[in-house]
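# A look at the structure
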Amino acid sequence: MKRATFVSLTILFTACGGRSLLPMGHGAPPPVRDSGVVGNPPTVMEAGAAPTGGGIGLTVHEWGTFTSVNSSAGALMEGLHHEEEALPTFVYGRGTLGGGAMPDAGMKSLERQPTGVTQKLETPVLYFYGAGIPSVRVRVDFPKGVISEWYPRAAAFGPEVVTTSTTLMTVAGGFMEWRATLTPSTSPSVFLPVPPEHIWAPSRRVASLPVQVGTENEQFIFYRGLGTFTLPIQIDVDANGLINLHNQSSDASPAVFLLRVHTGGGAIVDLGPLPAGGRITGVPLPTGGKEHDLAVYMADAQNRIAEAIQATGLYADEARAMVETWSRSYFQSMGLRVLYVVPRAWTDSLLPLTVEPTPRELVRTLVGRVEILAPAEERELLARVVAAAAAGLAPATVIQQLGRLAEPKLRRALELTTDPTARAWCQAAVTAAAAMP
């Protein structure tokens, strides 16, 4: 019997899904990219069956997002390992081994506190379509990161979980492999339940083929992780509050959006595509129009982003699942951010993917989310830190006030302050924030 060949495909972020159980019928995504052969990984955990038979028109779609934080000067800030959107308890994680075998570090389910994290890889999900495909084998590599959470159960993953060391964990050299059966007759009623408002729910509302690994059934394959890397897009804000973007690569982004959310309202600006080597300069903070009507802004922003990612080849239900999954962090979280469609070449480089049988059609759509610390926010942050240090406040009080991005914000304040007392307080606050979930 011939040994199966594994064709390396670069996929990025493809959502979670599950509504009707139609095996086919969606439009055609871009053609597959064949980039060579990938060897079998060392097995850390075995599960599922090996793929069997050939597929007739296998289509694979993936969507997801990664998040970073930029200072006004355009520098990436560390400290992105904290949980922002909690997952269901049935999801596996390195920090729990999926069954509570060890204490969860509470940091995106890593077993130890990481260092140098500048990117959150969020909700990459893989959807499958086609007929006559009994099973699939999927491997995703993350050379500059680690996959920390996933579902269903993986057949193998790396690097190996280490709990005995007290040193900080470097996030690099990650990979994960699944061996799943495609089950067109599976009813969503067998999925583990989640509340309808949960972040997990929208990704199930997609007409893909459900997957099964052992006794676990789901509408998709899901994974999430942390990385340490810089992408060739520069975003900064000048002293006048004007925003500048520079694509420093030879790959174009087809769509870029600027969003701002504050108390009582929000606004979105469509900046159009960002060509290879191109610049968008002197963009003012979004104001006016839908600024004071949160409901109208929300609907407008969701529709614009959904249209942009559907144009990459995602199906309409997949695009809608993505924007609904990220409704809070994309469109409701306070702050200034840029959302852009990541060039496919960047995705392929960051997350090489192997699928067997080889898909006839493959779409990978990743959205980059860059949270921006504008000069006005940095000045306010610096004043807060100086006042807290002078008053002798406990760092935990300020960390709680700063919320989901406390660590990168404190790191920026540490860069800006020159007062010795404030610097000492801020360093203690950064250390405390880094160790928190």
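Everything below is about the structure printed above this text.
Computed from a predicted model, the values in this text were never measured in an experiment. (Residues numbered from 1 in each chain as written. Predicted model: local features only at pLDDT ≥ 70, side-chain atom pairs only at ≥ 80, totals over all residues. Heavy atoms only, no water.)

## Comments concerning helix α8 (residues 420-434)
Working note: α-helix, 3.6 residues per turn, so residues spaced by three or four point in the same direction. For clarity, the cut-off: Working definition: helices are DSSP H or I runs of at least four residues, strands are E runs of at least two. Numbering for both runs from the N terminus. Here the expected length of a helix is defined as 1.5 Å per residue gap, with one fewer gap than residues. Three labels apply to residues, based on accessible area from a 1.4 Å probe with only protein chains included: buried if under 20% of the type maximum, exposed if over 50%, partly exposed otherwise in between. This arc describes the spread of directions from the helix axis toward the C-beta atoms. Residues count as neighbours in contact if any of their non-hydrogen atoms are within 4.5 Å of one another. Nitrogen and oxygen atoms within 3.5 Å of one another constitute a polar contact, given that in protein one can donate a hydrogen and the other can accept it, and given that sequence-neighbouring residues count only through two side-chain atoms.
Between its terminal C-alpha atoms α8 stretches 21 Å, which fits the 21 Å expected from 15 residues at 1.5 Å a residue. The complete set of buried residues in α8 reads Ala422, Trp425, Cys426, Ala429, Val430, Ala433 and Ala434. Taken down its axis, α8 places every buried residue within 165° of arc, on the same side. Structural note: α8 exposes Pro420 and Ala424 on the side pointing more than 90 degrees away from its buried face. Buried positions along α8 lie against α5 (375-391), α6 (395-402) and α7 (406-416). Between the side-chain oxygen at the start of α8 and the backbone nitrogen of threonine 421 there is a gap of 3.2 Å, and the oxygen is on aspartate 419.

## Some details on the packing of aromatic side chains
Where we set the bar: Stacked, tilted and edge-to-face are the three classes applied to pairs of Phe, Tyr and Trp rings, where Trp contributes its six-membered ring and a pair requires centres within 6.5 Å; stacked means planes under 30 degrees apart, edge-to-face means over 60, and tilted covers the rest. The rule for a charge over a ring is simple: NZ of Lys or CZ of Arg within 6 Å of the ring centre, and within 35 degrees of the ring normal.
Per the counting criterion, the structure on display carries 17 aromatic pairs. Considering the side-chain rings of tyrosine 127 and phenylalanine 220, the 6.2 Å spacing of their centres and the 85° angle between planes classify their relative orientation as edge-to-face. Taken as a pair, tyrosine 127 in strand β5 (residues 119-131) and phenylalanine 220 in the loop between β12 (216-218) and β13 (221-227) lie far apart in primary sequence, 93 residues in all. Residue tyrosine 127 shares its accessibility class with phenylalanine 220, and that shared class is buried. Considering the side-chain rings of tryptophan 150 and phenylalanine 157, the 5.2 Å spacing of their centres and the 40° angle between planes classify their relative orientation as tilted. For phenylalanine 157, a relative accessible area of 3% gives the class buried. Residue placement shows arginine 139 over the ring face of phenylalanine 175; its charged tip is 4.5 Å from the ring centre.

## Digging into unusual backbone geometry
Cis rather than trans, the peptide bond between tyrosine 151 and proline 152 has omega equal to 0°. Position of proline 152 among the secondary structure elements: in the loop between β7 (145-151) and β8 (156-158). In the segment running from glutamate 356 into proline 357, the intervening peptide bond is cis, with an omega of 0°. Looking at where proline 357 falls in the secondary structure, it is placed in the loop between β20 (352-356) and β21 (361-372). Phi at threonine 123 takes a positive value of approximately 40°, unusual for a residue other than glycine. With respect to the helices, strands and loops of the structure, threonine 123 is situated in strand β5.

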